[in-house]
Amino acid sequence: MNERTHQFGILMSVGATEKQLRNSVLFEGLCIGIIGIPIGILIGLPSIRLVLSIVADNFANVLYSNVPLTLVVSIPALAVAAVISMLTILISAYIPAKKAAGTPVMECIRQTNEVKVEAKAIKTSNLTKRLYGLEETLALKNFKRNKRRYRSIILSLTLSVVLFVASSAFGAYLDQLTEQSAVEMDGDILLYTRDMTEIEFSGLYDTLKTADGVTRSTNQAISTYTCEVDTNEITNGFLNSDLKSAGLNSSSEKVNLSLDVQFIEDDMYQNFIESLGLSTAEYIGQDAKMIIVGKYNGGLDIFLDRSMDFTIGTESGEQTKTIHTTFVDSYPLDPPPAEPSEVKGYVLMVVAPHQMKPQFDTLNAPTKLGLTFWSDNPAQSTAKMQGIIEGLGITSGYTLYNVHAMLEQNRNILFIVNLFTVVFIAMISLIAVANVFNTISTNIKLRRRELAMLRSVGMSDRDFNKMMRFECALYGARTMLWGLPLSGILSWLIYKGMIVGGGDIKFMFPWDSIGISMLGVFLVVFITTLYAIRKIKKENIIDALRDDMT
């Protein structure tokens, strides 16, 4: 604005009227808009087309549609964007003209109203002079002398940091949400039922595993029991959090927990026992020990000991059975998905071979039967299995999942979110860098007479560079002083907004993006200042002193 005010002052000194100035800046703004807006549209549309071509296949998999994802240009949307851009340009051009028209001509030319400061306002202490030296003291005095000019640079840098950190935090929280929906499961196809008899289920399994594309298959059964345990055997974390959230009384001496028993094929069970380094003789056979998984909150132990005895039974409590278990950290085969009413917030599951199932059948516990298939072509195999089931005339309730398609959909959603987040952050960063570059280079150009004066009284290039480097450090330090707290607050507000919207995410302080923004601020300021100073050094000192703005 200072440069334009100076130019308008010169024009008014030779007789230009306010109307002529207004028409001049409006015409100039129109010329800039006529050139810049079409260039922006010509660059923006191909860029959007490129992004769409990258994510087209992923969108098709997410939407289960063969309709191609193509770019449709909306003329009204382009018109609105063009009008907003043109208005911004015209307003930016009109403000300096309006200011110059209300300012005396000599003040516009000499810029005497731009720096109004008292001597005590730029005074520095003796300690500062001793710590920094002459060059740094000059830089500090320049900073204090024209705070309006420096504030514009710091404001531009601060906004850039806040936008970058906030957009990065927003992208990180979106990643958390999409990763939560991505659940990895064993196999490509899953079928489970509660209504079929074991004989009917076994016959169906023998038929389905011959479907086209199936390369491997296995079956399992999940029976659900209850068990009573002492609260002094439970970890404090589970006792104080998950038991209360489950509506159980954690203050009593004993508590009833739900316990599942997963029966898997004998060969798979034996291989799992061997992979754990346990004795097959001790864990296979009648009345053998059993392995159990007891976890909550993503992997924390429920019980204090690594081996326990459980007395299990059904809700009726008519019959019970005592089992001897050893805790392990994982199970060999993912169980079928739980219904919403079955979700209990923790995993307490015994893994046993099929040969031990008759020992538990006498308890008459509710049982879910499941089949897991691996296939070279999951979509084709799923369709074939559906046809087989319908052809057999099975009337029992069942659920058939194409797990591979579900997982692929989650991966596609995660890819799309990451891509659009990266593109958005890149656009914000480019706009911020361009803004900072223009602001700093313009402000240094406005000081060409001041800098030429310092060089004319004998300041060496070394001292001159030292002074400018200190100014860069001042820019960066002041930017971090304002930008980092604002970025942290805005990141927290974004987190709270997502929590209110129903997202189950954890707050992450954006250390990575803050570190990148700090490095970027100092790097951009240093390169921009170096670029502007090199241009000034190439000028003749006498010419710069005679004409303070060209």
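Going by the structure above, here's the rest.
How each quantity is defined
- Residues numbered from 1 in each chain as written.
- Predicted model: local features only at pLDDT ≥ 70, side-chain atom pairs only at ≥ 80, totals over all residues.
- Heavy atoms only, no water.
- Helix = DSSP H or I, 4+ residues; strand = E, 2+ residues; numbered from the N terminus.
- Buried < 20%, exposed > 50% of the residue type's maximum accessible area, 1.4 Å probe, protein only.
- Contact = heavy atoms within 4.5 Å.
- Areas by Shrake-Rupley, 256 points an atom, 1.4 Å probe, with all protein chains shown as cover.
- Core = buried A, V, L, I, M, F, W, Y, C linked by side-chain atoms within 4.5 Å.
- Salt bridge = Lys/Arg side-chain N within 4 Å of Asp/Glu carboxyl O.
- Axes fitted to C-alpha atoms, helices over the stretch in contact; angles between N-to-C directions.
- Left-handed = near helix turned anticlockwise from the far one by under 90°.
- Nonpolar A, V, L, I, M, F, W, Y, C, P; charged D, E, K, R; others polar.
- Pairing = 2+ DSSP bridges.
- 1 Å grid on protein atoms, 1.4 Å probe; cavity = no way out; pocket = protein on both sides within 12 Å on 5 of 7 lines; lining within 4 Å.
- Points joined across faces, edges and corners; volume = space filled by probe spheres on them.
- Polar contact = N/O pair within 3.5 Å; in protein donor to acceptor, adjacent residues only side chain to side chain.
- Arc of directions from axis to C-beta.

A. A look at the overall build of the protein. Helices and strands together make up the secondary structure of the protein, namely 18 helices and 10 strands. Within the protein, buried positions represent 39% of all 550 residues. Considering only intrachain contacts with a sequence separation of at least 6, the fraction spanning at least 24 residues in the protein is 81%. Surface exposure of the protein reaches about 30200 Å², of which carbon and sulfur atoms provide 59%.

B. Local environment of the environment of Ile541. With respect to the helices, strands and loops of the structure, Ile541 is situated in helix α18 (residues 541-546). For Ile541, a relative accessible area of 25% gives the class partly exposed. When the C-alpha atoms of Ile541 and Ser456 are compared, they prove to be 6.8 Å apart, with 85 residues separating the residues in sequence. Sequence-distant contacts of Ile541, that is, excluding residues within four places in its chain, are made with Ala452, Arg455 and Ser456.

C. The nonpolar core, seen in detail. Of all hydrophobic cores here, the largest spans 47 residues; its most connected members are Leu208, Leu257, Leu259, Phe303, Phe310 and Ile312. Membership of the second largest hydrophobic core comes to 26 residues, among which are Tyr150, Met467, Val524 and Ala532.

D. A look at the pattern of salt bridges. Throughout the structure, instances matching the rule amount to 10 salt bridges. Here Lys254 ties to Asp230 by a salt bridge, and the two come within 2.3 Å at their closest N and O atoms. Linking Lys254 in strand β3 (residues 254-264) with Asp230 in strand β2 (residues 214-230), this pair joins segments that are 24 residues apart in sequence. What makes Lys254 partly exposed here is its relative accessible area of 42%. Residue Lys295 is joined to Asp329 by a salt bridge in which the shortest nitrogen-to-oxygen separation is 3.0 Å. In this pair, Lys295 is assigned in strand β4 (residues 290-296) and Asp329 in the loop between β7 (320-328) and β8 (346-353), connecting sequence segments 34 residues apart. Overall, the relative accessible area of 13% leaves Lys295 in the buried class. Look at Asp329 and you get exposed, because its relative accessible area is 55%. Where salt bridges share partners, they join Lys295, Asp301, Arg306 and Asp329 into one cluster.

E. Quick look at the packing of helix α15 (residues 448-456) against helix α17 (residues 511-537). Relative to each other, α15 and α17 sit at 65°, their axes nearing to 11 Å. Crossing angle aside, the handedness with which α15 passes α17 is right-handed. Contact with α15, carried on its side by Arg448, Leu451 and Arg455, involves Ile533, Ile536 and Lys537 of α17 and no other residues of that element. In terms of residue class, the contact of α15 with α17 is built from 3 nonpolar, no polar and 3 charged.

F. Main features of the pairing of β3. For β3, the buried fraction is high: 8 of the 11 residues fall into the buried class. Here β3 pairs with β8 via 5 bridges, running parallel. Its bridge partner being in β8, Val261 is matched across the sheet by Val350.

G. Structural context of the layout of surface pockets. Quantified by volume, the largest pocket comes out at close to 1400 Å³. Around the largest pocket sit 45 residues that line it, and Pro336, Ala338, Glu342, Val343 and Lys344 are the ones nearest its centre. Those elements giving two or more residues to the lining of the largest pocket turn out to be β2, β3, β4, β8 and α14 (403-446).

H. Region of interest: the side chain of Asp188. For Asp188, the position within the fold is in the loop between α7 (147-181) and β1 (189-193). Given the relative accessible area of 14%, Asp188 is considered buried. Not counting chain neighbours up to four residues away, the residues in contact with Asp188 comprise Phe373, Trp374, Ser375, Pro378, Tyr401, Asn402, Val403 and His404.

I. Just the side chain of Asn219, in detail. Tracing the chain through its elements places Asn219 in strand β2. For Asn219, the side chain forms a polar contact with the side chain of His354, separated by 2.8 Å. When residues no more than four places from it in sequence are discounted, the contact partners of Asn219 are Phe201, Tyr205, Phe263, Ile264, Glu265, His354, Gly370 and Leu371.

J. Spotlight on helix α8 (residues 198-208). Taken together, the buried positions of α8 are Phe201, Leu204, Tyr205 and Leu208. All buried residues of α8 project into a common sector of 105° when viewed along the axis, lining one side. Along its buried surface, α8 packs onto β1, β2, β9 (367-375) and α13 (378-392).

K. Looking closely at the pairing of β2. Of the pairings in the sheet, the one linking β2 to β9 comprises 9 bridges and is antiparallel in character. Bridged to Thr218 within β9 is Thr372. With 11 bridges connecting them, β2 and β3 associate as antiparallel partners. Within the sheet, the bridge partner assigned to Ala221 lies in β3 and is Phe263. Examined bridge by bridge, β2 and strand β6 (residues 307-313) share 2 bridges and lie antiparallel to one another. Within β6, the residue paired with Cys227 across the bridge is Ile312.

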